[in-house]
Number of protein chains: 2
Amino acid sequence: MKRGVKVSHNVIRRLPRYLRKLDELTEAGVSRISSGELGRQLGLTPSQIRQDFSCFGEFGQQGYGYKVTALRAEIASILGMDRGFKAILIGVGNIGQALVCNFSFNQWGFELMAAFDVKPELVGNEHDGIMVHHIDELPQFLDENHVDVAVLCVPKKHAVAITELLTSHGINAIWNFTNVELTAPESSTIVENIHFSDSLLSLSYFVAQDIDEKAARAARLNK
Amino acid sequence: MKRGVKVSHNVIRRLPRYLRKLDELTEAGVSRISSGELGRQLGLTPSQIRQDFSCFGEFGQQGYGYKVTALRAEIASILGMDRGFKAILIGVGNIGQALVCNFSFNQWGFELMAAFDVKPELVGNEHDGIMVHHIDELPQFLDENHVDVAVLCVPKKHAVAITELLTSHGINAIWNFTNVELTAPESSTIVENIHFSDSLLSLSYFVAQDIDEKAARAARLNK
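Residues numbered from 1 in each chain as written. Chains lettered and ligands numbered in written order. Predicted model: local features only at pLDDT ≥ 70, side-chain atom pairs only at ≥ 80, totals over all residues. Heavy atoms only, no water.

Asker: Whenever I open this one, the confidence of the model for chain A confuses me. Can you help?
Answerer: Note: predicted coordinates in regions of low pLDDT should not be interpreted at a detailed level. The share of residues in chain A with pLDDT of 70 or more is 94%, and the mean pLDDT across the chain is 90. As scored by the predictor, the complex reaches a pTM of 0.87 and an ipTM of 0.91. (pLDDT = per-residue confidence, 0-100.)

Asker: Sorry if this is basic, but what is going on with the relation of the copies chain A and chain B here?
Answerer: Here two copies of a chain appear, and what relates them is a rotation about an axis with a shift along it. Between chain A and chain B, which share one sequence, the superposing operator has a rotation angle of 180° and an axial displacement of 0.0 Å; the RMSD is 0.0 Å. In short, the pair behaves as if placed about a two-fold rotation axis. In this assembly, 100% of the residues forming the interface of chain A have copies in chain B that are likewise at the interface, indicating an isologous arrangement. (Least-squares fit on C-alpha atoms with pLDDT ≥ 70 in both. Contact = heavy atoms within 4.5 Å.)

Asker: Looking at this structure, I do not really get the side chain of A:Asp210. What am I missing?
Answerer: For A:Asp210, the location among the structural elements is in helix H8 (residues 196-222). Not counting chain neighbours up to four residues away, the residues in contact with A:Asp210 comprise B:Asn172 and B:Ile190. (Helix = DSSP H or I, 4+ residues; strand = E, 2+ residues; numbered from the N terminus.)

Asker: Looking at this structure, I do not really get the state of the cysteines. What am I missing?
Answerer: Here, disulfide denotes a covalent bond that connects the sulfur atoms of two cysteines. Residue and element names in this part refer to chain A. Within the structure shown, the criterion is met by 0 disulfides over all chains. Here Cys 101 is not cross-linked by a disulfide; its sulfur's nearest cysteine counterpart is in Cys 153, at 12 Å. The partly exposed category is assigned to Cys 101, whose relative accessible area is 28%. (Disulfide = S-S within 2.5 Å. Buried < 20%, exposed > 50% of the residue type's maximum accessible area, 1.4 Å probe, protein only.)

Asker: Would you mind going over the sheet that holds strand E6 (residues 130-134) of chain A with me for this structure?
Answerer: Backbone-to-backbone hydrogen bonds join strands into a sheet, with any given pair of strands oriented parallel or antiparallel. Residues and elements named next belong to chain A. If you trace the 7 strands from one edge of the open sheet to the other, you get E5-E6-E4-E3-E7-E8-E9, paired in mixed fashion. Each edge of the open sheet is held by one strand with a lone partner, namely strand E5 (126-127) and strand E9 (190-193). Sheet topology note: the strand E7 (residues 149-152)/strand E8 (residues 173-176) ladder contains 3 bridges and is parallel. Paired with Ala 150 across the strands is Ile 174, a residue of E8. (Pairing = 2+ DSSP bridges.)

Asker: Would you mind going over unusual backbone geometry with me for this structure?
Answerer: Residues and elements named next belong to chain B. For Asp 128, which is not glycine, the phi dihedral falls at a positive 45°. If you trace the backbone, Asp 128 turns up in the loop between strand E5 (126-127) and strand E6 (130-134). One non-glycine residue, Asn 179, lies in the positive phi region at around 65°. On the secondary structure map, Asn 179 appears in the loop between strand E8 (173-176) and strand E9 (190-193).

Asker: So what exactly am I meant to see when it comes to the pattern of salt bridges here?
Answerer: Any two side chains of opposite charge can pair, given that their charged atoms come close. For the coordinates displayed, the defined rule picks out 22 salt bridges over all chains. Between B:Glu37 and B:Arg40 there is a salt bridge, with its nearest N and O atoms 3.2 Å apart. Taken as a pair, B:Glu37 and B:Arg40 lie in helix H2 (residues 35-42) at a separation of 3 residues, close to a single helical turn. One continuous salt-bridge network, built from bridges that share partners, spans A:Arg17, A:Arg20, B:Glu181 and B:Asp198. (Salt bridge = Lys/Arg side-chain N within 4 Å of Asp/Glu carboxyl O.)

Asker: Looking at this model, I keep getting lost on the interface of chain A and chain B. Mind explaining?
Answerer: Quite often, the size of an interface is put as the accessible area lost when its parts meet. Counting residues at the interface gives 65 residues for chain A, matched by 65 residues for chain B. The contact between chain A and chain B buries some 5800 Å² in all, and 64% of this surface belongs to carbon and sulfur atoms. Where chain A touches chain B, the interface holds 8 salt bridges. As a salt-bridge pair, A:Arg17 and B:Glu181 come within 3.3 Å of each other at their nearest N and O atoms. The tally of links between chain A and chain B comes to 24 residue pairs in polar contact (both at pLDDT 80 or more). Among the elements of the structure, helix H1 (9-27), helix H2 (35-42), helix H5 (94-102), E8, E9 and H8 of chain A are those that each provide at least two residues to the side of chain A that touches chain B. Sorting elements by how many residues they give to the side of chain A that touches chain B places H8(A) first, with 18 residues. Considering only residue class, the side of chain A that touches chain B consists of 34 nonpolar, 17 polar and 14 charged. (Buried area = accessible area lost by both parts, 1.4 Å probe. Polar contact = N/O pair within 3.5 Å; in protein donor to acceptor, adjacent residues only side chain to side chain. Nonpolar A, V, L, I, M, F, W, Y, C, P; charged D, E, K, R; others polar.)

Asker: Mind showing me how you'd approach the sheet that holds strand E7 (residues 149-152) of chain B here?
Answerer: On the basis of which strands lie adjacent, the open sheet formed by 7 strands has the order E5-E6-E4-E3-E7-E8-E9 (chain B) and mixed pairing. Looking at the sheet topology across the chains shown, the edges are occupied by E5 and E9 of chain B. One ladder, built from 4 bridges, connects strand E3 (residues 85-90) of chain B with E7(B); its direction is parallel. Within E7(B), the residue paired with B:Ile88 across the bridge is B:Ala150. Relative to E9(B), H8(A) is tilted by about 170°, and along the sheet it contacts E3, strand E4 (110-117), E7, E8 and E9 of chain B. Of the strands in this sheet, E3, E7 and E8 of chain B are in contact with helix H7 (residues 159-168) of chain B, which crosses E7(B) at around 170°. (Axes fitted to C-alpha atoms, helices over the stretch in contact; angles between N-to-C directions.)

And the structure:
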């Protein structure tokens, strides 16, 4: 990877998609692919793909295409999947439980160390080898263990207080499922949001557009 | 709203965020806000905000700012929240259950009509007024009811087959939680993906960058 190159957010957002596609190709037994074919499968232009990858160095060979496993390894490394990042999860409600039980943190290079909640019926349970601790144990846990990322799945009203607790104990990256804007724009904490409602509303917009376009087309035909 | 204006994806993606912020402001009793203050709170420049809103018509008044409720209503309408879209949910595992029980479809203008699964212990249950039907009833349900959006939470291996079933019964919008790319790029089906892993990997990238930058800074200081 070229060091010190400033990569645009849009490129970074596309990298995980490339990774998924390359995993699919590996599973299907494809060992090399041209930028043209990769583009067709992803709905991108070949030149966009070549440009994206050129931010990080040279992976492809003119007329030969990309070696799937080598490209996959390089993207995985750029994404930090080989860093062994450690995560904890706060809030073992439905979403939290879904993540603990069904989301393979390992597959993406993360180790989920522990979960935290307040509910007596949850504390002390183990899900897939992950122990649920009482939230009161969180400060001590953070003082005694190196944790890179906190996965925040608590109810909205606790989101800000828990974030303050986390950051005051050295956590500076949060995967945020609470639908609350956690930090001021100038904060140094890295926050990545899963906003379900934003996603649904984008879909809603496209559905509304589609209906309007079809109605407009029908109206033109009936003139 | 200006009809027929082509709005960029980036603007559309920002609209739900504006909406959330305007809801927060309403809750806090703020009735009007300048583009400067709105920008500060969202980490955007005032001119970017003015430009975003100008795609849809004029909401603001020079020197007065934006009326929070009026702007909120306009954005809600642009996003199709007043269309009364109807949704069904397929796959009542952890994620599906989290959405049925904890996600307020109503708040975002959607009516969740029904859920579907195959598991005998789930079929016939009601969660917050939403009945879980057997998936075998899905085709008839789609033929008898108007459904705008299907929320897809089935295991990966069933994702494509269920999508084909849905589209063959007239569904052309899918909110996809399966982490599978559902359709070919040229398909007319509208797919909005929640890719947990893409989100986590973006976070992973930023954490890795942050560590590298801090290490580089420390190395320079030690020279």
